[in-house]
Amino acid sequence: QVQVVESGGGLVQAGGSLRLSCAASGRTFSDYVMGWLRQAPGKEREFVAATALSSGATLFSNPVKGRFPISGDNAKNAVFLQMNSLEPEDTAVYYCAARYGYYGLGSKVHEYDYWGRGPQVTVSS
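In this report, we go over the structure that sits alongside the text. Starting from 1, residues in each chain are numbered consecutively following that chain's sequence as written. Given that the model is predicted, a residue must reach a pLDDT of at least 70 before its local features are reported, and side-chain atom pairs must reach 80 or more before they are shown or counted; all residues, however, enter totals for whole chains, interfaces and linings. Side-chain calculation: all heavy atoms of the structure are included, whereas hydrogens and water are not.

Side chains of Tyr100, Tyr102 and Tyr103 sit close together on the surface and give an oily, nonpolar patch of about 420 Å² of accessible area. Numbering goes from the N terminus for both helices and strands, where a helix is a DSSP run of H or I of at least four residues and a strand is a run of E of at least two. Here Tyr103 lies in the loop between β9 (92-100) and β10 (114-115). Only residues above 30% relative accessible area that lack a salt bridge enter a patch, with like-charged residues linked at up to 9 Å and the nonpolar side chains Val, Leu, Ile, Met, Phe, Trp and Tyr linked at up to 5 Å. Only the protein chains shown count as cover for residues, with accessible areas throughout obtained via the Shrake-Rupley method and a probe of 1.4 Å. Put simply, a salt bridge is a Lys or Arg side-chain nitrogen that is within 4 Å of an Asp or Glu carboxyl oxygen.

Printed below as a string of structure tokens:
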């Protein structure tokens, strides 16, 4: 049974930083892409960033490019999102998700197969 479990999140002031961690288990994920997607209140879920665990290739959405570096640990089936220069607009539930990497890095919500429950990130102004 595949499990995706996140940790991190919380409340931070604007301009601050938070780090999210995610680990997947239940199968071999070396050929997988692991990513982060978020959903703000009243809005649709959107792509944030993703990385291919085997190659280290990365993909970012425009709102977080340059602020949220993503990294992966292939040996641990883990992915990390370092969120810097946080803005109130970054407030959302952040979901870790995984997809088979054969089809490349995915930036669409429906392309991800396995999901975590998502920690809340709240940025106060």
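A few words now on the nonpolar core. Residues enter a nonpolar core if they are buried and are Ala, Val, Leu, Ile, Met, Phe, Trp, Tyr or Cys, with the set joined through side-chain atoms within 4.5 Å. Only protein chains enter the accessibility calculation, which uses a 1.4 Å probe. A residue is then buried if its area is under 20% of the maximum for its type, exposed if over 50%, and partly exposed in between. Counting 27 residues, the largest nonpolar core has Met34, Trp36, Val48, Phe68, Leu81, Met83 and Tyr94 as the members making the most contacts within it. Mapped onto this core, the elements with two or more residues apiece are β3 (18-25), β4 (32-39), β5 (46-52), β8 (78-83), β9 and β11 (120-124). Here a residue-residue contact requires only that any non-hydrogen atoms of the pair lie within 4.5 Å. In this view, Tyr94 contacts Glu6, Leu20, Trp36, Leu37, Arg38, Val48, Phe68, Leu81, Met83, Gly118, Pro119 and Val121; residues no more than four positions away in its chain are not counted. Core analysis: the next-biggest nonpolar cluster, separate from the first, contains 7 residues, Val33, Leu37, Phe47 and Tyr112 among them.

Next up on the list: the side chain of Asn77. Checked against the element boundaries, Asn77 lands in the loop between β7 (70-73) and β8. Assessed through its relative accessible area of 14%, Asn77 is described here as buried. Leaving out residues up to four positions away in the same chain, Asn77 has contacts with Cys22, Ala23, Ala24, Arg27, Phe29, Ser30, Met34 and Leu53.

Bringing unusual backbone geometry into the picture now. Of note, the phi angle at Asn77 is positive, near 50 degrees, even though the residue is not glycine. With a phi angle near 50 degrees, Ser85 is a residue other than glycine that sits in the positive phi range. Its place among the elements puts Ser85 in the loop between β8 and β9.

Counting through the fold element by element, Gly16 comes out in the loop between β2 (10-13) and β3. Sequence separation between Gly16 and Ser85 is 69 residues; the distance between their C-alpha atoms is 5.5 Å. With near-sequence residues (within four places) excluded, Gly16 lies in contact with Met83, Asn84, Ser85 and Leu86.

With that out of the way, let us pick up the pairing of β9. Among the 9 residues that make up β9, 8 are buried, leaving the element largely enclosed by the rest of the structure. The pairing criterion for strands is at least two bridges between them, as found by DSSP. Sheet topology note: the β4/β9 ladder contains 8 bridges and is antiparallel. If you follow Trp36 over to β9, its bridge partner there is Cys96. Two strands pair when backbone bridges link them, and β9 and β11 are joined in this way by 2 bridges, in the antiparallel orientation. Note on β11: the bridge partner recorded for Val93 is Gln120. Where β9 meets β10, 2 bridges bridge the pair, whose relative direction is antiparallel. Bridge pairing links Ala98 to Tyr114 in β10.

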